[in-house]
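If you want the building blocks of each chain, they are given just below.
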Amino acid sequence: MAAAIQAVSIRGHEERQTPKPHVVYRIEIQAHVRSWQMWRRYSEFVELHTELTKSTGSPPPVLLPPKNTFAVLKGPFKDESSMIEQRRAGLEAYLRAIISAKEDRWREKLFGKQTPATGSGSTQFSLASWLDEHLELQSRIRDVRADINRRDTLSDRGDVGASHTANVQAKKKLAEILSRVRTLTEGLQELGMAGMAEGELQRRTDMVARLQDDCEKLGKIVTVARQASRANTLTTTTPGTFTNVSIAPESDRVALLGSNKPVTRVFGAALKNPQETGQTRPLDDHGLLQLQKTQMEHQDTQLSQLTTILQRQRHLGEAIGAEIGLHNEILDDLTNECRSSIK
């Protein structure tokens, strides 16, 4: 499996605040037929280096960038970005040296367990890297939804070939996601056996279940190819009505909503037991407060836009009412003139 790795690089980094401020690096791995990425922090590289040295009997050909050079970030260091870049380059050189080494013992130990493929063997997730993989899968699922939306748009325009291509891309991405979700599930089982707290294990189990539900719904949607024909289209020619208005297939609605129950709207009904969502689970108290503020600001913006629309509708209604009143006066005058001429 290790021989399939062609290239490895570290393209960027992110600064994260939980459980405490730290930097993670985005590692991109290219194999013969696929590529993937993972997020790792420096402490995980240190653990990896120790493990490789212990298991193979000698350290890899290139040493890790020293830890003390990054410690200055805790102090009044002015050029933080250059220090992060220096460490990124050092970590990338470390991985590439393992790839290009004549001896494959370090490469087999490293990439033989890191490749996210199905099959037996340890997934070797840490607590942090498991969450990184979960975030990456959420991003991939959003990409699949974007492909489906593009497919539907192209189908409505009558571009059957491009619509089919977008649907095929969505299917390929979804197949890869399903494989990685299975690997994520196996990794969670291993973390649970390693002594993860019961509450945290349940929380992450729910996160995996939501990923599986999303994949199942998307799987149903990608199998429904939108036809370019207008069999499900309103084509009335009555004046003042819309023509060629596409009706979404019932199967799409069922796949999205998960049931055939009628959609009802209940205002003011509070939930008896507040439920966590995939958006709120990874957030701490500060993050939840910030998310609430952001959503409230978004709602205020939408309300302002709605107010503008309603005001415009009111003005239109008043203008139409005045026009009708004028027409009624003209009709009354015309009626009176007709009666006078008859007499």
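All values reported here derive from a predicted model rather than from experimental measurement.

### Observations regarding a negative patch on the surface
Then, number 1: On the surface, a cluster of negative charge is made up of Glu329, Asp332, Asp333 and Glu337.
Then, number 2: Of the residues examined, glutamate 337 reaches a relative accessible area of 53% and is grouped as exposed.

### Some thoughts on the pairing of strand β1 (residues 5-16)
Then, number 1: In terms of strand pairing, β1 meets strand β2 (residues 22-31) through ten bridges, oriented antiparallel. Residue pairing for β2: glycine 12 is matched across the bridge by arginine 26.
Then, number 2: The turn joining β1 and β2, which pair antiparallel and follow one another in sequence, is formed by five residues.

### A look at the packing of helix α5 (residues 127-156) against helix α7 (residues 198-222)
Then, number 1: Between α5 and α7, the least distance of the axes is 11 Å, while the angle of their chain directions is 20°. Here α5 is positioned roughly parallel relative to α7, judged by the angle of their axes. In terms of crossing hand, the pair formed by α5 and α7 is left-handed. Contacts from Leu127, Trp130, Leu131, His134, Leu137, Gln138, Ile141, Val144, Arg145, Ile148 and Arg151 in α5 reach Arg203, Arg204, Met207, Val208, Leu211, Asp214, Cys215, Leu218, Ile221 and Val222 in α7.

### Structural notes on the nonpolar core
Then, number 1: Grouped together as the largest cluster of nonpolar side chains are 23 residues, with contacts concentrated most on Ile10, Ile27, Ile29, Phe45, Leu91, Tyr94 and Leu95.
Then, number 2: Elements supplying a minimum of two residues to this core: β1, β2, β3 (35-41), α1 (42-56) and α3 (80-100).
Then, number 3: At six residues, the largest contribution of residues to this core is made by α3.
Then, number 4: By size, the runner-up hydrophobic cluster in this structure holds 21 residues, among which are Val181, Met207, Leu211 and Val222.

### A look at the packing of aromatic side chains
To describe a pair of aromatic rings, you give the distance between the ring centres and the angle between the ring planes.
Then, number 1: If you walk through the whole model with that rule in mind, you get zero aromatic pairs.
Then, number 2: The side chain of arginine 16 reaches across the aromatic face of tryptophan 39, ending 5.2 Å from its centre.
Then, number 3: Its guanidinium or amino end placed over the ring of tyrosine 42, arginine 87 lies 3.5 Å from that ring's centre, counting from NZ or CZ.

### So, α1
Then, number 1: The terminal C-alpha atoms of α1 lie 21 Å apart, and with 15 residues this matches the ideal 21 Å at 1.5 Å per residue to within 8%.
Then, number 2: Inspection of α1 places Tyr42, Glu44, Phe45, Leu48, His49, Leu52 and Thr56 among the buried residues, and these make up the whole buried set. All buried residues of α1 project into a common sector of 145° when viewed along the axis, lining one side. Of the exposed residues in α1, the ones pointing more than 90 degrees away from its buried face are Glu47 and Lys54.
Then, number 3: Once α1 finishes, glycine 57 follows within two positions and takes phi at roughly 90°, a positive value.

### Describing the confidence of the model for the chain
Then, number 1: On average, residues of the chain score 76 in pLDDT, and 74% of them are at 70 or above.
Then, number 2: Across the chain, α7 holds the top mean pLDDT of 89, while strand β4 (residues 233-234) sits lowest at 42.
Then, number 3: Below pLDDT 50 for its whole length, residues 226-246 participates in 27 contacts with residues either more than four positions away or in separate chains.

### A short note on the environment of leucine 211
Then, number 1: Considering the arrangement of structural elements, one finds leucine 211 in helix α7.
Then, number 2: Non-local contacts of leucine 211, meaning those with residues more than four positions away in its chain, are made with His134, Leu137, Gln138, Ile141, Val181 and Leu184.

### Notes on the pattern of salt bridges
Then, number 1: The tally for this structure, following the rule as stated, stands at 18 salt bridges.
Then, number 2: Taking the shortest distance from any N to any O, the salt bridge between arginine 16 and aspartate 132 comes out at 2.0 Å. With arginine 16 in strand β1 and aspartate 132 in helix α5, this residue pair connects regions lying 116 residues apart in the sequence.
Then, number 3: Here aspartate 132 falls in the buried class, since its relative accessible area comes to 5%.
Then, number 4: Here arginine 140 and glutamate 136 are joined by a salt bridge, their closest N and O atoms 2.9 Å apart. Here arginine 140 and its partner glutamate 136 are both found in helix α5, four residues apart, which amounts to about one turn of the helix.
Then, number 5: In this structure, a network of salt bridges that share partners links the residues Glu133, Glu136, Arg140, Glu176 and Arg180.

About the cut-offs
Residues numbered from 1 in each chain as written. Predicted model: local features only at pLDDT ≥ 70, side-chain atom pairs only at ≥ 80, totals over all residues. Heavy atoms only, no water. Patch = residues over 30% accessible without salt bridge, like charges linked within 9 Å, V, L, I, M, F, W, Y side chains within 5 Å. Areas by Shrake-Rupley, 256 points an atom, 1.4 Å probe, with all protein chains shown as cover. Salt bridge = Lys/Arg side-chain N within 4 Å of Asp/Glu carboxyl O. Lys, Arg positive; Asp, Glu negative; His and termini not counted. Charge placed at Lys NZ, Arg CZ, Asp CG, Glu CD. Buried < 20%, exposed > 50% of the residue type's maximum accessible area, 1.4 Å probe, protein only. Pairing = 2+ DSSP bridges. Helix = DSSP H or I, 4+ residues; strand = E, 2+ residues; numbered from the N terminus. Axes fitted to C-alpha atoms, helices over the stretch in contact; angles between N-to-C directions. Parallel < 35°, antiparallel > 145°, perpendicular 65-115°, else oblique. Left-handed = near helix turned anticlockwise from the far one by under 90°. Contact = heavy atoms within 4.5 Å. Core = buried A, V, L, I, M, F, W, Y, C linked by side-chain atoms within 4.5 Å. Phe/Tyr/Trp six-rings, centres within 6.5 Å; stacked < 30°, edge-to-face > 60°. Lys NZ or Arg CZ within 6 Å of the ring centre and 35° of its normal. Expected span 1.5 Å × (residues − 1). Arc of directions from axis to C-beta. pLDDT = per-residue confidence, 0-100.

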